[in-house]
Amino acid sequence: MKLLYLGGCLILASVAQSQSPKQEQLSQYLVDTRGQTETTDTGVIDNTTTSLRTGPRGYVLLEDTINRKKMLHFDRERAPERVVHALGHAAYGTFTSYGDWSNITSACWLKANTTSDVFTRFSVVVAGTGGADTGRDTHGFATKIYSECGNQDLVGNHVPSFFITDGALFPDLVHAVKAEPDKGFPTGGSAHTTAYDFFTQNPEGAEQLMAVLSDMGIPRDTRHIAGNGVHTYRFINVAGKSTLFKWYWKPMLGYRAMVYDEATKIAGKNNNFQRIDLWNSIEAGMFPEWEFMVQIFPDDGQYRYKGIDLLDPTQVVPFELNAPIALGKLQLNKNPTNYFAETESVSFAPSNVVDGVSFVPDPLLQWRLMSYDDTATHRHNSPNGYLLPVNRPVVPINNNYRDGYMQPQLFKGPSDSSPDGIGGVQPSSVQDNLAFYAENVSGTVGRYEVMNDPFTQARALWFTMDQYAQQHTVDAYRFELGHVSDPNVTARYISKILNPINNCLARRVAYGVGSPMPAIGSGSSAVPNATYPSLFPLGSNTSMPVTGLMVGILSTSDSISASTYDALTSVLKSNQVLFEVVASHLGPLASGIIANQSYVTTSSIFYDAIIIVSGSPQNSSIVSMTEQGFVQEAFGHGKPIGEVGTGFLTSLSLGGIGTFVDGSAGNVVNAVIGALETPGRYPQRQPLDDVGTICG
Ligand code: HDE
C-alpha cells in the first residue's frame, strides 16, 4: 500500500507488487544507476560534464574521446517512429480466462484457472510521437499476452470496421491521411484534401469514417475505450475443428467520450491527457479492466454470417445479430519502468498467435501477417528485436536464429541447424496446427476486389444515432470537408459517399460547407429495417461506474466553508471520484481550504462535472468573467453542473436539464454523481439544424 495524491484526493493505492512471470523476467534487466559514481561505457571512472579543451577559452580537443562517444550515442537515441500509431502509451497487467474454452480452442491462455501477464499499448494512427492523444482519429488497442505457450498478440482498433478491404491499398490510405507531401501539414488530422480524395475513391470506408467522426471517435481516455479485432479470426480446438470468431474488448468502466471542441482544447492545454490519465489511475490503484468478448460463427467454408461477408473488414456483425460471449478479463495494473525500452520498443504483430488461433483469407489480414514483423525489423534496425525484454515470451526461445546486428546471446555447441545429429535444437515431435490450418483451397490466380455494399452499414450507424449524436456527426463532416481546399473533392464526397447513405445527411453537410446541395430525393431515403444500438455504444442508458472521473469544485466566493467541503468530498471519495478545488488563486482560501487549481492553471475541459459553491466574488470583475466562461463552457459541453446555494447559474441564464441547484451540498453532490452514472452528458443543450428547412 502507498499514499498517493491524485487531483484533490489522497488515495490509498494497492499497487500490484506480486512478481508475475513477466515481471520476474523483466526484473533481471533492471538497471539502477541512482546515486552511483559515473563511469564511461568501458567502465572507467570519469566525469563528462566539461569538454577537454586547449585552455579556458580554447578549442575542444579530438582527444576528448569520452565526450565524443557521449555525443555519438546521443545522436542515435531515437528509433524510427512507427509509420502509423506512432503516438502511444502502455501498461502491464493480466488476462484471466473465465473458464475452460477448450471446446472451441486449444489456446492455452483460454484454459480454466489461467492468468497470463500482458502488456497493452494504446495509440492514435495519424499523429506523430509528439502529437496530441485527443485528436479525432482511429485509436489503437494492442495487447501482448505472455502465455505459458508463447506470445499471443491481439492488435485492434477502437472502432469495429476498417477503411479498406485489401492490404495492397494500405500504403495509399496512410499516405492520404498523413500530412500532404508537398506542404507537410496537417500532421495529426485527416481534415484535408488528400484524405477526402482517398475516401471518395474508396467508399467501402464510409462506415468507419462515420464512426470516427461521430462522438465515438474521441474517447474520454483509454480507460473508457473499446477494442475491436476488426477481422474474423479462426479458433481451432484439439480435434482440429475450426470455429470463426471476431473479438472485442468491452470496457468495464463503460464507453465515455469527449465532444470535439473539448478535445481540441485539451490537445492544446495538455497533449498527454490520455497518457497521464492511465498512468495516474494505475498509480492510484484504480486498475482499468476490459472483458474479452467474442462472436462465434460456424465455419462452413463460406465465410458469411446472415449475409454479412466475414472476409470483409469494412463489414460489422452487429451484436444484435450475434451476441458476443465473455471469455475472460484484462486488467492493467502496472506502469512501465522505461518509456523507450518498453512502450516505444514493443513490437506487436497479428501473426503472433499460439496453437489454437489462426487466420482466414481476408486480404487485409493477410498483409498484416507480414507487415508488422517487417516494420519491427526496420525499427530495431535488426531482426533481433524479439529478444528485447518487453517482447520476450515468458517461456524459452529455442530457435536457430543466429547472429545479426546486436545479437547478445552466447550460444553453446557446434550446431545451429535442425534437424541435426550433434546435439542442436531438436524439431518438435508434435504435429499441430500452429503454422497453418489444413483448409482445402482451390482458385484461379487473379487480382480481385472485395465487393460489398459500402453504404448499408453506414446508413445503419446513421439511423442508430439520436438527433444529437447525428448533429455532432454532421458538424464533424462539416469541419473536415470545410478544411478540404479543393471544392471538387468536397462536392464529390458529398454526392458519391454521403448522398447514397442518406440524402438529408448529404444536404445538411453540403449546406454547412457551402457546397452544391444534392437535389431532394437524389440520394437514399431508405430507412433500415432495424437499427443496432451496439454500433453506437454511447447511446446506452445503462448506469456506468464513475471511478476515476474528475469533478471541479468551483469556489466562486474565493472561500468555501469546511462543512460544505466535507459534505461534497466525502461523497466524491466514497465513489472514487477525483476532485479539485478551483478558485481565483492557488493555495489556502479564507476558510483554510486549499485551492489546487486556479482559473489560470486549469480549465473546465479537464472536469467531467463541476459543482459551484456560490457566494459573492471577492475579487475583481475579471475573475468573475473567467468564472462565467468556465461554467458556460462546461454547460456547452453538456456536463452535469451542480450549485450549492443559488444565484450563480441563474445570473448566467443557465439551467434546465443536467443542472442541480440546492442549498444542501449533500443533495447536490449526489445528484451530480447520479448524472455522471447516467447519462453522463446532456447533448440536448446544443442547437440542432433546422432539418425540415434543409431537407425539405
Ligand atoms: Fe496496423 N500497423 N496495419 N492495423 N496497427 C502497425 O506496425 C498495417 C490495421 C494497428 O501499439 C504497424 O509495429 C497494415 C488494422 C495497431 O505498436 C504496421 C495494415 C488494424 C497498431 C502496420 C494494417 C490495425 C498498428 C506500424 C493493412 C486494427 C499499433 C508499427 C493491411 C485491427 C501497434 C507497427 C502498437 C501498427 C501495418 C491495418 C491496428 C506498419 C499493412 C485493420 C493497434 O506494421
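Since the model is a prediction, treat every value here as computed from it, not as a measurement.

**Overview of the overall build of the protein chain**
A tally of regular secondary structure across the protein chain gives 18 helices and 22 strands. For the protein chain, whose C-alpha radius of gyration is 28 Å, the value lies close to the compact-globule estimate of 26 Å for 696 residues. With the C-alpha coordinates aligned to their principal axes, the bounding extent of the protein chain is approximately 90 × 75 × 60 Å. Burial statistics for the protein chain: of 696 residues in total, 44% are counted as buried. Partitioning the intrachain contacts of the protein chain with sequence separation of at least 6 by distance along the chain shows that 73% fall at a separation of at least 24.

**Observations regarding the environment of S574**
Residue position: S574 is located in helix α14 (residues 562-574). Overall, S574 belongs to the exposed group, with 9 C-beta atoms counted inside 10 Å. With 27 residues separating them along the chain, S574 and T547 place their C-alpha atoms 9.8 Å apart.

**Some words on the packing of helix α5 (residues 206-213) against helix α10 (residues 456-464)**
Contact geometry for α5 and α10: axes closest at 7 Å, N-to-C directions at 25°. The orientation of α5 with respect to α10, classified from their angle, is roughly parallel. When α5 is examined against α10, the residues A206, E207, M210 and A211 are found in contact with a partner set consisting of Q457, A458, L461 and W462. Per-class residue counts for the contact of α5 with α10 are six nonpolar, one polar and one charged.

**Examining the domain arrangement of the protein chain**
Looking at the protein chain, the domain boundaries give domain 1 (87-204 + 216-387), domain 2 (456-539) and domain 3 (550-677). If you average the C-alpha positions of domain 2 and of domain 3, the two centres end up 38 Å apart.

**As for the site of the ligand**
Surrounding the ligand, one finds 26 residues, the nearest of these being R82, H85, G140, G167 and S371. Of all the secondary structure elements, the ones that give two or more residues to the shell around the ligand are β4 (115-124), β5 (139-147), β6 (150-157) and α9 (363-379). In terms of residue class, the shell around the ligand is made up of 13 nonpolar, ten polar and three charged.

**Some thoughts on the pairing of strand β20 (residues 609-613)**
The element β20 is largely enclosed, with a buried count of five among its five residues. Here β20 shows two buried faces, one formed by A609, I611 and V613 and the other by I610 and I612. When strand β15 (residues 550-555) meets β20, the two strands line up parallel, connected through five bridges. Its bridge partner being in β20, S555 is matched across the sheet by V613.

**A short note on the nonpolar core**
M210, L461, Y493, L498, I501, L505 and V509 are the most contacted members of the largest nonpolar core, which has 112 residues in total. Beyond its immediate sequence surroundings of up to four residues, L461 is in contact with E207, M210, A211, L535 and F536. Core analysis: the second largest hydrophobic core is formed by 42 residues, Y565, V577, A595 and I611 among them.

**Here we look at the packing of helix α3 (residues 170-177) against helix α4 (residues 193-201)**
Following both chains from N to C, one finds α3 and α4 inclined at 140°, their axes separated by 7 Å at the closest point. Counted together, D172, L173, A176 and V177 of α3 and T194, A195, D197 and F198 of α4 form the full contact between these two elements. Per-class residue counts for the contact of α3 with α4 are five nonpolar, one polar and two charged.

**Observations concerning the sheet that holds strand β22 (residues 659-662)**
What holds strands together in a sheet is hydrogen bonding between their backbones, with the strands either parallel or antiparallel. The six strands lie next to each other as β19-β16-β15-β20-β21-β22, forming an open sheet whose pairing is parallel. If you trace the sheet from one side to the other, it starts and ends with β19 (597-598) and β22, each paired once. Note that strand β21 (residues 641-644) and β22 share four bridges and pair parallel. In the strand pairing of β22, I641 is matched with T659. Sitting on the sheet, helix α17 (residues 665-677) is in contact with β15, β20, β21 and β22, with an inclination near 175° to β21.

**Some words on the UniProt feature "binding site: heme" (unreviewed entry) in the protein chain**
Feature annotation in UniProt assigns "binding site: heme" (unreviewed entry) to the following positions: Y372. The topology assignment puts Y372 in helix α9. Excluding its chain neighbours within four sequence positions, the residues that come into contact with Y372 are F348, A349, P350 and S351.

**Some words on the environment of F455**
By the element assignment, F455 lies in the loop between α9 and α10. The exposure class assigned to F455 is buried, which follows from the 21 C-beta atoms found within 10 Å. Sequence separation between F455 and G663 is 208 residues, and the spatial gap between their C-alpha atoms is 52 Å. Setting aside anything within four residues of it in sequence, one finds F455 in contact with A206, P500, I501 and S524.

**Remarks on unusual backbone geometry**
Generally, phi is negative for residues other than glycine and the peptide bonds are trans, each holding for most cases. With an omega of -10°, the peptide bond between S418 and P419 qualifies as cis. Relative to the helices and strands, P419 resides in the loop between α9 and α10. Although it is not a glycine, H85 sits at a positive phi angle of roughly 60°. For H85, the position within the fold is in the loop between α2 (65-75) and β3 (87-97). Overall, the presence of 22 C-beta atoms within 10 Å leaves H85 in the buried class. One non-glycine residue, K306, adopts positive backbone phi at about 45°. Mapped onto the secondary structure, K306 falls in the loop between β11 (304-305) and β12 (308-309).

**Topic: the environment of A257**
In this fold, A257 is placed in the loop between β9 (242-251) and α6 (260-269). By C-beta crowding, A257 is classed as buried, having 23 other C-beta atoms within 10 Å. If sequence neighbours within four positions are ignored, A257 has contacts with D215, M216, I218, P219, R220 and L538.

**Points about the confidence of the model for the protein chain**
Summing up the model confidence of the protein chain, the mean pLDDT is 93 and the portion of residues at 70 or higher is 95%. Across residues 1-16, where pLDDT falls below 50, the model places 38 contacts with residues more than four positions away in sequence or in other chains. For this predicted complex, the interface confidence reaches an ipTM of 0.99, while the overall pTM sits at 0.96.

**Some details on α4**
The α-helix winds at 3.6 residues per turn, so residues separated by three or four positions along the chain end up facing the same way. Regarding α4, the residues found buried are T194, A195, Y196, F198 and F199. For α4, the elements touching its buried residues are α3, α5, α11 (467-482) and α12 (487-501).

**Here we look at α11**
Taking 1.5 Å of rise per residue, the 16 residues of α11 would be expected to cover 22 Å, and the 22 Å separating its terminal C-alpha atoms lies within 8% of that figure. Residues of α11 that are buried include every one of A469, Q470, T473, V474, D475, A476, Y477, E480 and L481, and no others. For α11, the secondary structure elements touched by its buried residues are α4, α5, α6, α10, α12 and α13 (503-513).

Basis of the calculations
Residues numbered from 1 in each chain as written. Predicted model: local features only at pLDDT ≥ 70, side-chain atom pairs only at ≥ 80, totals over all residues. Helix = DSSP H or I, 4+ residues; strand = E, 2+ residues; numbered from the N terminus. Rg over C-alpha atoms; globule rule 2.2 N^0.38 Å. Buried ≥ 20, exposed ≤ 12 C-beta atoms within 10 Å, placed from the backbone. Contact = placed C-beta atoms within 7 Å. Axes fitted to C-alpha atoms, helices over the stretch in contact; angles between N-to-C directions. Parallel < 35°, antiparallel > 145°, perpendicular 65-115°, else oblique. Nonpolar A, V, L, I, M, F, W, Y, C, P; charged D, E, K, R; others polar. Domains from an automatic or database assignment. Near = placed C-beta within 6 Å. Pairing = 2+ DSSP bridges. Core = buried A, V, L, I, M, F, W, Y, C linked by C-beta atoms within 7 Å. UniProt positions renumbered as here; feature names shortened; annotations may be inferred. pLDDT = per-residue confidence, 0-100. Expected span 1.5 Å × (residues − 1).

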